[in-house]
Amino acid sequence: MTRLLAWLGFRPSIPGIEPLPRDLRMVARQLLNGEPPSGWHALSSSAQARVARGHWRGEDVVLKVFLPRDPLELLKSLFRGSRGVRAVRRGHELEADGFHAPVVLAHGWDGTREILLMRAVAGDSLSRLISSRLGPPLLPVTDRQAVQREFAAEVARLHHLRWLHGDLRLGNVLLSPPRPGGNFVFLDNESSRKVDNDARLRKNLVQLNMMRPRFLSRSSRLRFLLKYAQTSEMSRSEVSELAKYLMQATEVRRAERNQRGGPKARFTAGAS
Ligand SMILES: Nc1ncnc2c1ncn2[C@@H]1O[C@H](COP(=O)(O)OP(=O)(O)O)[C@@H](O)[C@H]1O
Ligand SMILES: [Mg+2]
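Predicted model only: the values in this text are computed from it and were never measured.

Here's the deal with the overall build of the protein chain
Now for step 1: Broken down by element type, the protein chain carries 9 helices and 13 strands.
Now for step 2: For 272 residues, the compact-globule estimate of 2.2 N^0.38 gives 19 Å, and the protein chain sits close to it at 19 Å.
Now for step 3: Looking at the 272 residues of the protein chain, the share that counts as buried comes to 31%.
Now for step 4: Within the protein chain, contacts between residues at least 6 apart in sequence are counted, and of these 65% link residues at least 24 apart.

Topic: the domain arrangement of the protein chain
Now for step 1: Once the domains are mapped, the protein chain shows domain 1 (8–119) and domain 2 (124–254).
Now for step 2: Placing the centre of domain 1 and that of domain 2 at their C-alpha centroids yields a distance of 26 Å.
Now for step 3: At the junction of the two partners, domain 1 supplies 11 residues and domain 2 supplies 12 residues.
Now for step 4: Classifying every residue of the side of domain 1 that touches domain 2 by side-chain character gives 5 nonpolar, 2 polar and 4 charged.

Notes on the pairing of strand β5 (residues 59–66)
Now for step 1: Across the 8 residues that make up β5, a large majority, 6, are buried.
Now for step 2: As paired elements, strand β4 (residues 49–56) and β5 share 8 bridges and run antiparallel to each other. Bridged to Trp56 within β5 is Glu59.
Now for step 3: The antiparallel hairpin formed by β4 and β5 contains 2 residues in its connecting segment, where Arg57 sits at a positive phi of about 45 degrees.

Description of the site of ligand 1
Now for step 1: Near ligand 1 lie 18 residues; those nearest to it are Ser45, Ser46, Ala49, Pro102 and Val121.
Now for step 2: Only β3 (45–46), β4 and β5 provide two or more residues apiece to the shell around ligand 1.
Now for step 3: Broken down by class, the residue content of the shell around ligand 1 amounts to 10 nonpolar, 6 polar and 2 charged.
Now for step 4: Looking at which domains feed residues into the shell around ligand 1, each of domain 1 (8–119) and domain 2 (124–254) supplies at least three.

With respect to the pairing of strand β7 (residues 113–119)
Now for step 1: Of all the 7 residues making up β7, 5 are buried; the element is thus mostly covered by neighbouring parts of the structure.
Now for step 2: Taken together, the 6 bridges between β5 and β7 define a ladder with antiparallel strand orientation. Residue pairing for β7: Val61 is matched across the bridge by Arg119.
Now for step 3: Pairing analysis gives 6 bridges linking strand β6 (residues 104–110) to β7, with the strands arranged antiparallel. Within β7, the position partnered with His107 by the bridge is Leu116.

Thoughts on the packing of helix α6 (residues 141–160) against helix α8 (residues 218–231)
Now for step 1: The geometry of α6 relative to α8 is characterised by a closest axis approach of 8 Å and an angle of 40 degrees between their N-to-C directions. Considering their axes alone, α6 and α8 lie oblique with respect to each other. As for the relative orientation of α6 and α8, their crossing is right-handed in sense. Residue-level inspection shows Gln145, Gln148, Arg149, Ala152, Ala153, Val155, Ala156 and Arg157 of α6 in contact with α8, the latter providing Ser220, Arg223, Phe224, Lys227, Tyr228 and Thr231.
Now for step 2: Residue composition of the contact of α6 with α8, grouped by class: 6 nonpolar, 4 polar and 4 charged.

Regarding the packing of helix α7 (residues 198–209) against helix α9 (residues 236–259)
Now for step 1: The contact between α7 and α9 brings their axes to 9 Å, and the two run at 65 degrees. Read as a crossing pair, α7 and α9 show a hand that is right-handed. Here Arg202, Leu205, Val206 and Asn209 of α7 come into contact with α9, specifically with Tyr245, Leu246, Ala249, Thr250 and Arg253.
Now for step 2: Its residues placed into classes, the contact of α7 with α9 shows 5 nonpolar, 2 polar and 2 charged.

Quick notes on the rules
Residues numbered from 1 in each chain as written. Chains lettered and ligands numbered in written order. Predicted model: local features only at pLDDT ≥ 70, side-chain atom pairs only at ≥ 80, totals over all residues. Helix = DSSP H or I, 4+ residues; strand = E, 2+ residues; numbered from the N terminus. Rg over C-alpha atoms; globule rule 2.2 N^0.38 Å. Buried ≥ 20, exposed ≤ 12 C-beta atoms within 10 Å, placed from the backbone. Contact = placed C-beta atoms within 7 Å. Domains from an automatic or database assignment. Nonpolar A, V, L, I, M, F, W, Y, C, P; charged D, E, K, R; others polar. Pairing = 2+ DSSP bridges. Near = placed C-beta within 6 Å. Axes fitted to C-alpha atoms, helices over the stretch in contact; angles between N-to-C directions. Parallel < 35°, antiparallel > 145°, perpendicular 65-115°, else oblique. Left-handed = near helix turned anticlockwise from the far one by under 90°.

Pasting the structure below:
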């Protein structure tokens, strides 16, 4: 892949980021074979990636291998950048706007697979901390409420700067350290982008609202919505219009999802 891209006049490396060392390429291969080397363990991810946590040069790190989604993906990546390169660029842009994204330490390719090495974020995902999606929430109830309000304010700030996150789910947001006052770290930024049209930002609120009520209560959602609205300085009528929109759009999306045969397949690894 690297040679093909170079031949096409495209530079697959990212300025300022180390090319992926060979030992990590081996870790990626073993991870794909379902046998990460000792000291590394696989984490749950979408079906289009394999992710493992381990140590490298004395640091806690996370290795992410992007699996090609379709045969056209490589071609598309020539025009708009590959998923990994886009994730790194968008992460840097988010950081420049005062948000947090994982620090990327190295980047490279193994054949058609793109690989990113990130510093591990010391924390946990919001789905573990404040929802019961993966078991009882890790935070006690008052902390959950505080984190939810802080998260709502953070999403409002994101939207105020016109950022639309590509896939805003509680599993794609880490809190570091994992308690009120921690930093929210946005994962999976390859499709995050700035949009011109305010209405498109609501997509993120629908994405968040897709979590089933048995995993995140209605009162939690209301708390989120009210804080989001307050931070965004919305009027009463704007809030009630937004609430109505969210209810309808979530239902439509749930129906579409059921028609496709339920939630997208995920790769599940033990405890993550
Ligand atoms: N830099 C990181 N630090 C700590 N955990 C991470 C990091 N990156 C990913 N993870 C964990 O791995 C999981 C899958 O990674 P993610 O980048 O979201 O993959 P996918 O694109 O398949 O959703 C995340 O939900 C998170 O729990
Ligand atoms: Mg993810």
